[in-house]
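Structural features, examined
Okay, here's what each chain looks like letter by letter:
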Amino acid sequence: MTAWRWLHVKVRAAGGLLTSRGLRHGHTRLNGPLMLCQNLSTARPLRNDFFKDLEAQLAAMRRKAAEALPGSSWSPVKHHSNLPPERTDIVIVGGGVVGWSIAYWLKQKELIRGGVQVLVVEKDPTYSQASTVLSAGGIRQQFSLPENIHLSLASADFMRNINEHLGVLDEDPVDLQFNQSGYLFLASEEVAHIMEENYSTQRYAGAKVSLFSPTQLKERFPWINTEGVALASYGLENEGWFDPWTLLNAFKRKALSMGVIQCCGEVTNFRYTTNVVTATDGEQLDMSRIKSVRVQMPNSLEYQPVECAIVVNAAGAFSGKLAEMLGIGLGPKNSMKGIPVPVEPRKRYVFVVHCPDGPGLDTPFLIDYSGVYCRREGLGGNYIAGASPEEAEEPDTSNLEVDYQFFEDKVWPALAHRVPAFEKLKVTSAWAGFYDYNTFDQNGIIGVHPLINNMYFATGFSGHGLQHSPAVGRALAELILEGNFKTVDLSNFSFRRILAQEPVLERNIV
Amino acid sequence: MAASLASLHRCCQRSALLLVARRQAFSSSSSPLPLHKRLLLSLTQRFYDVEMVLGWRFQRTRNKLRKKNAYYSYTEKYYGPNIASAYYILSLRGGFRYFGQSEWFHADQRGKFSWDFLNYKDLPLEEVDMSYTVINYTGLVNLEKHRSLRTLKLKGCPEVDDWFLARLHIFQDSLEELDISHCPRITTGGLAALRNLKGLKRLNVSSLSGISNPGLVVILLEEMLPHCLITATGYNYNMWQAEGEGKEEQRQRQR
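Owing to the predicted nature of the structure, the values given are computational and were not obtained by experimental measurement. (Residues numbered from 1 in each chain as written. Chains lettered and ligands numbered in written order. Predicted model: local features only at pLDDT ≥ 70, side-chain atom pairs only at ≥ 80, totals over all residues. Heavy atoms only, no water.)

Moving on to the overall build of chain A. Looking only at helices and strands, chain A has 14 helices and 19 strands in total. Within chain A, the proportion of its 510 residues that are buried is 49%. For chain A, the proportion of contacts with a sequence separation of at least 24, taken over those separated by at least 6, is 75%. Here chain A has roughly 24400 Å² of accessible surface; of this, 53% comes from carbon and sulfur atoms. (Helix = DSSP H or I, 4+ residues; strand = E, 2+ residues; numbered from the N terminus. Buried < 20%, exposed > 50% of the residue type's maximum accessible area, 1.4 Å probe, protein only. Contact = heavy atoms within 4.5 Å. Areas by Shrake-Rupley, 256 points an atom, 1.4 Å probe, with all protein chains shown as cover.)

On the chain A side, the residues contacting the 36 residues of chain B number 28 residues. Summed over both sides, the interface between chain B and chain A buries roughly 3000 Å², with carbon and sulfur atoms accounting for 64% of that surface. Summed over the shared surface of chain B and chain A, the number is three salt bridges. Across the pair Arg66(B) and Glu164(A) runs a salt bridge whose closest N-O atoms are separated by 3.8 Å. Remark: the boundary between chain B and chain A carries nine residue pairs in polar contact (both at pLDDT 80 or more). Looking at the side of chain B that touches chain A residue by residue, the class counts come to 17 nonpolar, nine polar and 10 charged. (Buried area = accessible area lost by both parts, 1.4 Å probe. Salt bridge = Lys/Arg side-chain N within 4 Å of Asp/Glu carboxyl O. Polar contact = N/O pair within 3.5 Å; in protein donor to acceptor, adjacent residues only side chain to side chain. Nonpolar A, V, L, I, M, F, W, Y, C, P; charged D, E, K, R; others polar.)

Moving on, we get to the UniProt feature "domain: FAD dependent oxidoreductase" (unreviewed entry) in chain A. Taking the numbering used here, the UniProt-annotated feature "domain: FAD dependent oxidoreductase" (unreviewed entry) corresponds to residues 89–479 of chain A. Helix makes up 27% of residues 89–479 of chain A and strand 29%, with an end-to-end C-alpha separation of 15 Å. (UniProt positions renumbered as here; feature names shortened; annotations may be inferred.)

Here the focus is the sheet that holds strand 9 (residues 266–278) of chain A. Residue and element names in this part refer to chain A. In spatial order, the strands read 9-10-11; together these three strands make up an open sheet with antiparallel pairing. In the strand order of this sheet, the two ends are held by strand 9 and strand 11 (303–307), each with one partner. Here the average twist between neighbouring strands, direction ignored, is 35°. Note that strand 9 and strand 10 (residues 284–296) share 12 bridges and pair antiparallel. Within strand 10, the position partnered with Thr273 by the bridge is Arg289. (Pairing = 2+ DSSP bridges. Axes fitted to C-alpha atoms, helices over the stretch in contact; angles between N-to-C directions.)

The next subject is a positive patch on the surface. Residues and elements named next belong to chain B. A cluster of basic side chains, namely Arg60, Lys64, Lys68, Arg93, Arg110 and Lys112, defines a positive patch on the protein surface. If you trace the backbone, Arg110 turns up in the loop between strand 2 (104–106) and strand 3 (125–129). Judged by relative accessible area, which is 65%, Arg110 ranks as exposed. (Patch = residues over 30% accessible without salt bridge, like charges linked within 9 Å, V, L, I, M, F, W, Y side chains within 5 Å. Lys, Arg positive; Asp, Glu negative; His and termini not counted. Charge placed at Lys NZ, Arg CZ, Asp CG, Glu CD.)

Bringing the packing of helix 6 (residues 146–160) of chain A against helix 13 (residues 465–482) of chain A into the picture now. In a packed pair of helices, the relevant descriptors are the angle between the two axes and the axis-to-axis distance. Residues and elements named next belong to chain A. Axis separation between helix 6 and helix 13 bottoms out at 7 Å; the angle between their running directions is 95°. Considering their axes alone, helix 6 and helix 13 lie roughly perpendicular with respect to each other. Facing Asn148, Leu151, Ser152, Ala154, Ser155, Phe158 and Met159 of helix 6, the residues of helix 13 in contact are Gln467, His468, Pro470, Ala471, Val472 and Arg474. For the contact of helix 6 with helix 13, the residue count by class is seven nonpolar, five polar and one charged. (Parallel < 35°, antiparallel > 145°, perpendicular 65-115°, else oblique.)

Within the structure shown, the criterion is met by 39 aromatic pairs over all chains. Measuring from centroid to centroid gives 5.1 Å for Tyr383(A) and Phe422(A), while their planes differ by 75°, and the two rings are edge-to-face. With Tyr383(A) in strand 16 (residues 382–387) and Phe422(A) in the loop between helix 12 (404–418) and strand 17 (426–438), this pair connects stretches of sequence that are 39 residues apart. The burial state of Tyr383(A) is the same as that of Phe422(A); both residues are buried. Chaining the aromatic ring pairs together yields one cluster made of Tyr72(B), Tyr87(B), Tyr88(B), Phe96(B), Tyr98(B), Phe105(B), Phe113(B), Trp115(B), Phe117(B) and Tyr120(B). (Phe/Tyr/Trp six-rings, centres within 6.5 Å; stacked < 30°, edge-to-face > 60°.)

Another point: unusual backbone geometry. Residues other than glycine seldom take positive phi values, yet Asn334(A) does so here, at roughly 65°. With respect to the helices, strands and loops of the structure, Asn334(A) is situated in the loop between helix 11 (319–324) and strand 13 (343–354). Residue Asn334(A) is classed as exposed on the basis of its relative accessible area of 80%. One non-glycine residue with positive phi stands out, namely Ser207(B), at about 50°. When you line up the elements, Ser207(B) lands in the loop between strand 6 (202–204) and helix 9 (214–224). Judged by its relative accessible area of 23%, Ser207(B) is partly exposed.

What follows is about the confidence of the model for chain A. Across chain A, pLDDT averages 87, with 88% of residues at or above 70. Counting contacts from residues 9–38 of chain A, a segment whose pLDDT is below 50, to residues more than four positions away or on other chains yields 18 contacts. (pLDDT = per-residue confidence, 0-100.)

The next point concerns the side chain of Arg140(A). Residues and elements named next belong to chain A. Turning to its location among the elements, Arg140 is positioned in the loop between strand 3 (138–139) and helix 6. Here Arg140 occupies a buried position and makes no salt bridge, while the nearest side chain of opposite charge, Glu506, is found at 5.4 Å. A distance of 3.0 Å separates a polar side-chain atom of Arg140 from the backbone oxygen of Gln142. The contact partners of Arg140, leaving out residues within four places of it in the chain, are Ser152, Tyr183, Phe185, Glu239, His464 and Gln467.

Attention now moves to the sheet that holds strand 18 (residues 445–448) of chain A. Residues and elements named next belong to chain A. With mixed pairing, the six strands of this open sheet are ordered in space as 8-2-1-12-19-18. With one partner strand each, in any of the chains shown, strand 8 (261–264) and strand 18 form the two edges of the open sheet. Across the sheet, the axes of successive neighbouring strands diverge by a mean angle of 20°, strand direction being ignored. Across four bridges, the pairing between strand 1 (residues 90–93) and strand 2 (residues 118–122) is parallel. Each residue of the ladder has a partner; that of Val91, found in strand 2, is Leu119. Contacts between helix 13 and the sheet are confined to strand 1, strand 12 (310–313), strand 18 and strand 19 (455–459), with strand 19 contributing the most and set at about 170° to the helix.

A separate point is the environment of Val488(A). All names here are of chain A. Counting through the fold element by element, Val488 comes out in the loop between helix 13 and helix 14 (496–499). The exposure class of Val488 is buried, given its relative accessible area of 11%. Taking C-alpha positions, Val488 is 6.8 Å from Ala475, a pair spaced 13 residues apart along the chain.

This next bit is on a nonpolar patch on the surface. A grouping of Tyr74(B), Tyr78(B), Tyr79(B), Trp115(B) and Leu118(B) is seen on the molecular surface, where their side chains present a nonpolar patch of about 600 Å² in accessible area. Positionally, Tyr74(B) belongs in helix 5 (residues 73–79).

The subject of this paragraph is the side chain of Arg220(A). Examined against the element boundaries, Arg220(A) turns out to sit in helix 9 (residues 214–220). In this structure, Arg220(A) is buried with no salt-bridge partner, the nearest side chain bearing the opposite charge being Asp362(A) at 7.1 Å. The contact partners of Arg220(A), leaving out residues within four places of it in the chain, are Phe212(A), Tyr234(A), Asp362(A), Gln172(B), Arg195(B), Asn196(B) and Lys198(B).

Residues and elements named next belong to chain A. Following the criterion strictly, the structure yields 29 salt bridges over all chains and no others. Close ionic contact of Glu110 with Lys107 constitutes a salt bridge, the shortest N to O distance being 3.3 Å. The same class applies to Glu110 and to Lys107, which are both buried. With a closest N to O distance of 3.2 Å, Arg348 and Glu394 form a salt bridge. With a gap of 46 residues between them, Arg348 in strand 13 and Glu394 in the loop between strand 16 and helix 12 connect regions that are remote in the sequence.

Here it is in structure tokens:
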């Protein structure tokens, strides 16, 4: 019995020793007046101070010991405060809108809080060269592939309920500044049949689109010159344009609030293991698996290898380069390893023009069969216009300089022909941005690489990455966490089509 | 004894003084805080729990809204689309008039309504008044079949937003009168969607708080809908009067 009591006392003493300082303060607070009497004597405070100091030192020692235990990120060397963690579950390379959307959906779909640790690596936190913020910001449903139409419909639905998805408690609601204006595609005689086929595909997929004859077109939009137009298709709903920066920031804010880790740095290398596997047809394949990602800090020699289970390649225009670090595309010709990721940056110009006599509030996102597009920007008679250059005249992609001659030569004549009011206009500014151009078939590549079994791709959207980002993020999160696509089946956009050399082409009228 | 008493007295005095000093130094520790402050203090230590509870509340209101605006497929299956729409309108405390009839059906203050509307199974709706109801984008699906709808009043609907206006193209051939005044969530981007309503004759866009420069927007609307009478009151157009008496200018124009 006495032994037991002694043990009890000891435990209590140990408890006292283990209590933190905060708790001890609470204790003194409770017995305030009693302690005061003690303060009057001279010997006790000294002893108290001694114990307090000792306790503080012990607490510090305990903390240090806990930090040095395996499983924590403590190291004896003092380091950069912005370094990414040493290990994480999923690394998303590329902090554009697609990358952040994937991060958000991964967190959204995790079963318990903190179930998946996600790291987003972005090399340029100012987004000065990112395709996301330099795009024209449109969303349309007028595609010819059902997958693309479904992606658009799902994304429009997401944007409609954006505050249910991306609203953060105690923060302002997200205002995308969505402009509900349809896309108006104009088709010439030669391509009118394609437009009709696309129209039926779109209607079948559930998009609200209507076809106009040139007369109807003239009636609806008197300011359009219908010369050469055989057919026009016009989106009635879920189409328009919005502010890309707001969408990006909304994704980022929500993902960060859900516990995604953000890191500013550049992925410069991978550490991976390779196994040689013999395929059923006797071909020797090098199957790789990424073990860690090397993240280089900006403007310094410091780097951090991040151990991870899965890497998501959402680097947009630079995802081809990222895959090259793993030897994709560097193998011998006619082998699986010799086929590169067919994504490269392409420069596109966007010109802002001012035209006081231009079309008004009902201006659609006009896309002419010559490849020229224009849309309204704000209410003050400003418009955005541009065109895709021909394959042979692709501009140099080393910088983001704007070639104003391109507007004079290619955009303006076609634009003024279509909308005579644009004869009198003034170019007020211009910018250039990168497309993550898929040279193979101009559609997104979504899914795991067949030779690297833990690298997922979400890239190569060739200009519709921004508008499809909410749905693509969800699809990829489903693929990673649940094993296959649940809501929109995107298996046609997997890497397999590139290995099989079967392009999934969008039948465009442009 | 007396000395000890005096010393005790001094001790008490000093302790009292010290107590006062302590109160000033650590006012939070010695004197108990008011209840609401203590409550807030304990809530700050439970941030994630509070976030969770607020999230649930948000979700609950959302689910309620969803339930109210659900597609009345069961009613439609057994009573036809006209009765389904009428029932939807009345249960949201709105009102409507059947095509060719003069009688209006309205729900009263407490949401009660008479079931006489069941007698007009074959008549489509002509006028619908959904003012001050919680109709939203998904609820519009219940009215979709009424291609002869002429008047739609959506005054002061908190859930009517730009996407709702974009969806109104389903009535593009019939709709003549639209009232979207006092809807707080409508912005300029949504008004551009009204271009699809070619037959619109009357449009009320008064007191839309989401519009930044109403003067210009109204002019652009008039340009876009040349055959439409646009009412836009409740805006202060004059910049210099903004700080003064805030006189509201009335504006009605027909072009």
